[in-house]
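# Descriptive analysis of the structure
Read off the chains here:
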Amino acid sequence: MKLKELIDKFELKALTNIEDTHIKGVYLSDMLSDVMSRAESGSLWMTIQTHKNIVSVANLIDLSAIIITNGKNVPDGTIELANRFYVNILSSPLPTYELAIKLVEAGVK
Amino acid sequence: MQDESCKHLWKITNIKPCFIINEFCYKCKKNTTYFSLEERPPIERYQEGEHFWNTLGYDQSIRFDLQCKKCGKLVKMEELAGLMMCTGCEDNCKVYSLMKELEKERTWVYVAFGFLPFDETKQLDKEQISVLEDYFNQRRKSSTSKIKIVSGDLIENFSLCYGNIIKDVDMLSSKPPEN
Ligand SMILES: [Zn+2]
Ligand SMILES: [Zn+2]
């Protein structure tokens, strides 16, 4: 699935400028070191972390997007940095688990 | 079997969660960092020769090595304390100049730095830096952008550097992250 399609389908809110790309899997983790060592390039990353550091990790391994779950507020500094490095950040009011189930049901794995 | 002609294809191995501990000696003002593989971060004041060490802080991180999937060559990353994405700082910083240059072609600069104090600990050598760079670029091979990894030696004044160091901040707090 393409990222823009996913945004429409799951009513995700784009917090940054969006560069459309193919989604190649999903990774759930709130630990940056875990994502850095294990997530696959092109994955969607779901997390409740909103610190600027998430941009460094997503950019390093070229994730397709970060989805901030639970409707958490993302600091302006994180959004600005993400825009500068072309990192896509989306937001969902759903908890990580609920959104993950919806994605699986829609065939995004 | 290690093959000199092998076009290495790196994978991450020996991943170990750890704490990165930052200590400060009030007597000589020396700042040190080191990894601890203990279950809890060792926070204590202790004397070591002339030094009186106090913990300034700690974060969770990982240690790892890289190994070639084809020939088995293992490159240890023991000297790697962390990776930092350069986001720009002083105009005369060598890393920032490189970043400005490479940014046009979407090549992002990360600094691989060793442990503090930089002038006393062994930093990553050229081979380690280049293997680390190959590893991340191979992992993101389908991508339209690239990663350039440079040594922490290029940074003259670390205190002026406001890049983002990849580590897990506040993971041991009783509250979930703010906002
Ligand atoms: Zn090899
Ligand atoms: Zn001392």
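Before any of the text, the structure's been laid out above.
## So, the coordination of the zinc ion (ligand 2)
Working reference: metal with six octahedral donors, ideal angles 90 or 180 degrees; metal with four tetrahedral donors, ideal angle 109.5 degrees. Residue and element names in this part refer to chain B. For the zinc ion (ligand 2), the full set of protein donor atoms is Cys25 (SG), Cys28 (SG) and His51 (ND1), at a range of 1.9 to 2.3 Å. The sequence pattern describing where the donors of the zinc ion (ligand 2) fall on their chain is C-x2-C-x22-H. According to the relative accessible area criterion, Cys28 is partly exposed, its value standing at 38%.

## Regarding the sheet that holds strand 6 (residues 82-85) of chain B
In sheet architecture, strand pairing relies on hydrogen bonds along the backbone and comes in two forms, parallel and antiparallel. Residues and elements named next belong to chain B. Here four strands make up an open sheet; going across it, the order is 8-7-6-9 and the pairing mixed. Sheet topology places strand 8 (146-151) and strand 9 (164-165) at the edges, where each strand pairs with a single neighbour. Sheet topology places strand 7 (residues 107-113) next to strand 8; six bridges connect them, and they run parallel. Paired with Val109 across the strands is Lys148, a residue of strand 8. Across the sheet, helix 2 (residues 126-139) lies against strand 6, strand 7 and strand 8, angled at about 165° from strand 8, the strand it touches most.

## Observations concerning the coordination of the zinc ion (ligand 1)
Residues and elements named next belong to chain B. Note on the zinc ion (ligand 1): its protein donors are Cys6 (SG), His8 (ND1), Cys68 (SG) and Cys71 (SG). The metal-donor distances range over 2.0 to 2.3 Å. Relative to the metal, the four donor atoms surrounding the zinc ion (ligand 1) lie at angles of 103 to 113°, and the coordination shape comes out tetrahedral. Here the donor residues of the zinc ion (ligand 1) are spaced in sequence according to C-x1-H-x59-C-x2-C. Taken together, the positions of His8 in the segment before strand 1 (10-25) and Cys71 in the loop between strand 4 (51-68) and strand 5 (74-75) put the pair 63 residues apart, joining distant regions of the chain. Cys71 gets classed as buried once you look at its relative accessible area, which sits at 8%.

## What to know about unusual backbone geometry
Residue and element names in this part refer to chain B. Residue Pro117 follows Leu116 across a cis peptide bond; omega there is -10°. In this structure, Asn14 takes a positive phi of about 50° despite not being glycine. Of note, Lys29 is a non-glycine position whose phi angle comes to about 65°, a positive value. Residue position: Lys29 is located in the loop between strand 1 and strand 2 (31-36).

## Description of empty space enclosed by the protein
All told, the structure shown has two cavities of 30 Å³ or more when counted by the stated rule. One number sums up the size of the largest cavity: a volume of about 90 Å³. For the largest cavity, the full set of lining residues is Ser33 and Met36 of chain A together with Phe35, Ser61, Ile62, Phe64, Leu80, Ala81, Gly82, Leu83, Ile166 and Lys167 of chain B. For the lining of the largest cavity, the secondary-structure elements that each account for two or more residues are helix 2 (32-38) of chain A together with strand 4 and strand 6 of chain B. No other element matches strand 4 of chain B, which puts three residues into the lining of the largest cavity. Around the second largest cavity, the lining residues are Met84, Cys86, Cys89, Cys93, Val95, Tyr96, Val111, Ile155 and Cys161 of chain B. Split by residue class, the lining of the second largest cavity holds nine nonpolar, no polar and no charged.

## What about the environment of Asp134 of chain B?
Note that Asp134 of chain B resides in helix 2. Along the sequence, Asp134 of chain B and His8 of chain B sit 126 residues apart, while their C-alpha atoms lie 8.8 Å from each other.

## Focus: helix 3 (residues 53-60) of chain A
In terms of residue burial, helix 3 of chain A counts as a mostly covered element, since eight of its eight residues are buried. Of the residues making up helix 3 of chain A, those classed as buried are Asn53, Ile54, Val55, Ser56, Val57, Ala58, Asn59 and Leu60 of chain A.

What counts, and at which threshold
- Residues numbered from 1 in each chain as written.
- Chains lettered and ligands numbered in written order.
- Predicted model: local features only at pLDDT ≥ 70, side-chain atom pairs only at ≥ 80, totals over all residues.
- Heavy atoms only, no water.
- Donors = N, O, S within 2.8 Å, 3.2 Å for Na, K, Ca; no water.
- Buried < 20%, exposed > 50% of the residue type's maximum accessible area, 1.4 Å probe, protein only.
- Pairing = 2+ DSSP bridges.
- Helix = DSSP H or I, 4+ residues; strand = E, 2+ residues; numbered from the N terminus.
- Contact = heavy atoms within 4.5 Å.
- Axes fitted to C-alpha atoms, helices over the stretch in contact; angles between N-to-C directions.
- Tetrahedral: all angles 85-135°; square planar, octahedral: opposite > 155°, others 65-115°.
- 1 Å grid on protein atoms, 1.4 Å probe; cavity = no way out; pocket = protein on both sides within 12 Å on 5 of 7 lines; lining within 4 Å.
- Points joined across faces, edges and corners; volume = space filled by probe spheres on them.
- Nonpolar A, V, L, I, M, F, W, Y, C, P; charged D, E, K, R; others polar.

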